[in-house]
Amino acid sequence: LDDPYKYSGTFSYDEMEVDDDDGDKYFKTVFAPTQIIKFKTEEGVEYIWYARQSYQNENFWTIAFGTYQGQDDRGTHKLDINLTKNTKNPFRVFATVIDIINRFIELDEDQDIHYIQFDSEGDKRTNLYLKRVLPRIDHFKVDHIETHKTMDNTNKSTVTLVRIS
């Protein structure tokens, strides 16, 4: 988990008008509500790291990653978030995801990201996240886990992390 792939792309930003405590308005640079970073494995498999800001809470971000499956008719990127079976070294994929997340957090100078959420399907993937991936995310800890059964009787979990510093 200490040898991430190189990745391309940068985080995108928007300008937002905000009011200070005195009622004065000013512009603040914030992360755009959708972030996409791409990387490839040594076998040439293209991955996407994806972060989406919640519509209800600007401090809450959902993160996903998976193999790039092209774009749909609306131009939305499609990705397969199943286990990383198509690479010789899946831990380098996880190392890259950790590296991107930590860079994302590092660039959040105002600490506007309070919560990060991951969805996982199956107990093995959830345990992998909990034991190997999530403890390596800087300044965050697991806040809670919600699990429910899918139609095919698989456990689907949502893991939420909260900022601790």
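Everything that follows concerns the structure shown earlier in this document.
Just so we're clear, the structure is a prediction, and the values are computed from it rather than from any experiment.

(A) How the structure looks around the overall build of the protein. Secondary structure summary: the protein contains two helices and 10 strands in total. Beginning at the N terminus, the succession of helices and strands in the protein can be written as β-β-β-β-β-β-β-α-β-α-β-β. A globule of 165 residues ought to have a C-alpha radius of gyration of about 15 Å, and the protein, at 17 Å, matches this closely. The dimensions of the protein, computed from C-alpha atoms along their principal axes, are 55 × 35 × 35 Å. Partitioning the contacts of the protein with sequence separation of at least 6, the portion at a separation of at least 24 is 53%. Accessible surface for the protein amounts to roughly 10,000 Å². Of this, 44% is attributable to carbon and sulfur atoms. Put simply, the protein has 21 plus and 30 minus side-chain charges, and the middle of one group is 11 Å from the middle of the other.

(B) Examining the nonpolar core more closely. If you look at the biggest cluster of nonpolar residues, it comprises 31 residues, and the most contacted ones within it are W49, I101, I116 and F118. For this core, the leading source of residues is helix α1 (residues 90-106), giving eight residues. Setting aside residues no more than four positions away along its own chain, W49 makes contact with F11, Q35, I36, I37, I63, A64, F65, V97, I100, I101 and F104.

(C) Structural view of unusual backbone geometry. At Q111, a residue that is not glycine, the phi angle is positive and equals roughly 55°. Relative to the helices and strands, Q111 resides in the loop between α1 and β8 (115-121). For Q111, a relative accessible area of 38% corresponds to the partly exposed category. Positive phi is not limited to glycine here, since N153 has a value of about 70°.

(D) Structural view of the layout of surface pockets. Estimates place the volume of the second largest pocket at around 400 Å³. Lining the second largest pocket we find 20 residues, and of these K28, T29, V30, F31 and D112 sit closest to its centre. If you list the elements that add at least two residues to the lining of the second largest pocket, you get β2 (13-19) and β3 (25-31). Partitioned by chemical class, the residues of the lining of the second largest pocket number 10 nonpolar, three polar and seven charged.

(E) Examining the packing of aromatic side chains more closely. One pass over the full model with this rule turns up 15 aromatic pairs. On the numbers, 5.9 Å between centres and 85° between planes, the contact of F11 with W49 is edge-to-face. Here W49 lies in strand β5 (residues 46-53) and F11 lies in the loop between β1 (7-8) and β2, a separation of 38 residues in the sequence. Here F11 matches W49 in class, with each residue buried. With 6.2 Å between their ring centres and 45° between their planes, F65 and Y129 make a pair best called tilted. Of the two residues, F65 is situated in strand β6 (residues 60-71) and Y129 in helix α2 (residues 123-133); the sequence distance between them amounts to 64 residues.

About the thresholds
- Residues numbered from 1 in each chain as written.
- Predicted model: local features only at pLDDT ≥ 70, side-chain atom pairs only at ≥ 80, totals over all residues.
- Heavy atoms only, no water.
- Helix = DSSP H or I, 4+ residues; strand = E, 2+ residues; numbered from the N terminus.
- Rg over C-alpha atoms; globule rule 2.2 N^0.38 Å.
- Contact = heavy atoms within 4.5 Å.
- Areas by Shrake-Rupley, 256 points an atom, 1.4 Å probe, with all protein chains shown as cover.
- Lys, Arg positive; Asp, Glu negative; His and termini not counted.
- Charge placed at Lys NZ, Arg CZ, Asp CG, Glu CD.
- Core = buried A, V, L, I, M, F, W, Y, C linked by side-chain atoms within 4.5 Å.
- Buried < 20%, exposed > 50% of the residue type's maximum accessible area, 1.4 Å probe, protein only.
- 1 Å grid on protein atoms, 1.4 Å probe; cavity = no way out; pocket = protein on both sides within 12 Å on 5 of 7 lines; lining within 4 Å.
- Points joined across faces, edges and corners; volume = space filled by probe spheres on them.
- Nonpolar A, V, L, I, M, F, W, Y, C, P; charged D, E, K, R; others polar.
- Phe/Tyr/Trp six-rings, centres within 6.5 Å; stacked < 30°, edge-to-face > 60°.

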